[in-house]
Amino acid sequence: MTAALSVVQSVEAGAGAAAVNSAADAPGHIEAHDITVDFESEGRRQRVLQAINLSVPKGSFVSIIGPSGCGKSSLLKVLAGLIAPTEGRVLVDGIAPQQAAKRRRIGLVFQDPILLPWKNAVENAAFLLMTADDTIGKTEAFARAAAMLRLVGLEGAERKNPSQLSGGMRQRVAIARALALDPQVLLMDEPFGALDAITREEMSHCLLDIWQRTGKTIVLVTHSIEEAVFLSREVHVMGGAPAQIIETVPVLLAQPRGAQSLTDPAFKSAQQRLRTLLIESHQRRPA
Ligand SMILES: Nc1ncnc2c1ncn2[C@@H]1O[C@H](COP(=O)(O)OP(=O)(O)OP(=O)(O)O)[C@@H](O)[C@H]1O
Ligand SMILES: [Mg+2]
């Protein structure tokens, strides 16, 4: 079986996988135990994260929300293996995140899509895969990248360069690039932060669709309460200095989610709880 075909099949099998993985007792896919992070800056040591514990079940979608500068990106980088915690440890599918990343089990998406301007959409979407796996041929990598571009709704835009794409389309290419690795875990840091409100909503629906079809484990850092509630099974609220997870808010919305979720009373109650917690954590910020 070609790799491209295997990705498409795993995408198609994803709806079933999501259902299986939704069991509350599913094995932890991401486990963070007692994570503490200190940074050195201008000769001073600053504790940014303190005793963070996080368990994200396989196939779940969780969000992380908290005041600007509290340490959300730092936590995501620890989960990705890009920052070694000062104390504590992370396991992604039972192994260290650096090992998981090497085995292409982690895909990363940041606020800035960072595409190569001289490469078109399909070349950009295939780029990480070709860099990560030198055994994969160009034809196969491009086929896989094109399948992922179709999944994110970019069919027909494969030959366009980044300068010919809108901000939302560029971010879709970045998501396709991460998905082309076929990672089990997708870590996203404010991926829609630079987009207008309507494009952001469209991207939310696109991400929901990807998650429902692939059953991947997704951790999303966002400043949008609405986005967090719409997409997630639970929302971790960070606050304090050094930051901790001050509360985990479950989102008791029926699956599958869609436009009808927005009028569900559970949508409003989760939003209100998150708003209260965010106001509290803003008030507790050091001056
Ligand atoms: N490499 C680093 N060296 C020193 N300090 C750092 C480093 N990275 C982040 N920090 C500091 O750690 C704190 C948390 O930063 P981080 O980027 O994780 O916050 P954030 O919650 O993602 O903020 P935002 O919502 O604005 O993106 C900040 O005070 C920041 O200045
Ligand atoms: Mg950040």
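Residues numbered from 1 in each chain as written. Chains lettered and ligands numbered in written order. Predicted model: local features only at pLDDT ≥ 70, side-chain atom pairs only at ≥ 80, totals over all residues. Heavy atoms only, no water.

Peer 1: Hey, could you run me through the sheet that holds strand S9 (residues 244-250) in this one?
Peer 2: The strands that make up a sheet are held in pairs by hydrogen bonds between backbone atoms, and each pair lies either parallel or antiparallel. With mixed pairing, the 6 strands of this open sheet are ordered in space as S5-S6-S7-S3-S8-S9. Here the strands that pair on one side only, and so sit at the sheet edges, are strand S5 (106-109) and S9. With direction set aside, neighbouring strand axes in the sheet form an average angle of 20°. Relative to strand S7 (residues 217-221), strand S3 (residues 61-65) runs parallel, the two being bridged by 4 bridges. Across the sheet, residue valine 62 finds its bridge partner in S7, namely valine 219. Most of the contacts of helix H10 (residues 265-283) go to S9, to which it runs at about 170°, and overall it touches S3, strand S8 (234-239) and S9. (Pairing = 2+ DSSP bridges. Helix = DSSP H or I, 4+ residues; strand = E, 2+ residues; numbered from the N terminus. Axes fitted to C-alpha atoms, helices over the stretch in contact; angles between N-to-C directions. Contact = heavy atoms within 4.5 Å.)

Peer 1: Can you walk me through the environment of leucine 195 in this structure?
Peer 2: Assignment of secondary structure puts leucine 195 in the loop between strand S6 (185-189) and helix H8 (197-214). C-alpha of leucine 195 to C-alpha of glycine 168: the two residues are 27 residues apart in sequence and 6.5 Å apart in space. With sequence-adjacent residues up to four places away left out, leucine 195 is seen in contact with Gly167, Gly168, Arg200 and Met203.

Peer 1: Would you mind going over the packing of helix H7 (residues 167-180) against H8 with me for this structure?
Peer 2: Interhelical geometry of H7 versus H8 gives an angle of 20° and a closest axis separation of 11 Å. With respect to H8, the element H7 is oriented roughly parallel. For the pair H7 and H8, the crossing hand works out as right-handed. Residues Gly168, Gln171, Arg172, Ile175 and Leu179 of H7 pack against Thr199, Glu202, Met203, Cys206 and Ile210 of H8. Here the contact of H7 with H8 is composed, by residue class, of 5 nonpolar, 3 polar and 2 charged. (Parallel < 35°, antiparallel > 145°, perpendicular 65-115°, else oblique. Left-handed = near helix turned anticlockwise from the far one by under 90°. Nonpolar A, V, L, I, M, F, W, Y, C, P; charged D, E, K, R; others polar.)

Peer 1: How should I be thinking about the site of ligand 1 in this particular structure?
Peer 2: In the vicinity of ligand 1 lie 13 residues, with Ser68, Gly69, Lys72, Ser73 and Ser74 positioned nearest. At 2.5 Å from an oxygen atom of ligand 1 is found a side-chain nitrogen or oxygen belonging to serine 68. The separation between an oxygen atom of ligand 1 and a polar side-chain atom of serine 74 is 2.6 Å. Protein contacts shield 62% of the accessible area of ligand 1, which totals 640 Å² for the unbound molecule. Elements supplying a minimum of two residues to the shell around ligand 1: strand S2 (44-57) and helix H3 (72-80). A total of 3 residues in the shell around ligand 1 trace back to one element, the largest contributor, which is H3. The residue makeup of the shell around ligand 1, split by class, is 4 nonpolar, 7 polar and 2 charged. (Near = heavy atom within 4 Å. Polar contact = N/O pair within 3.5 Å; in protein donor to acceptor, adjacent residues only side chain to side chain. Areas by Shrake-Rupley, 256 points an atom, 1.4 Å probe, with all protein chains shown as cover.)

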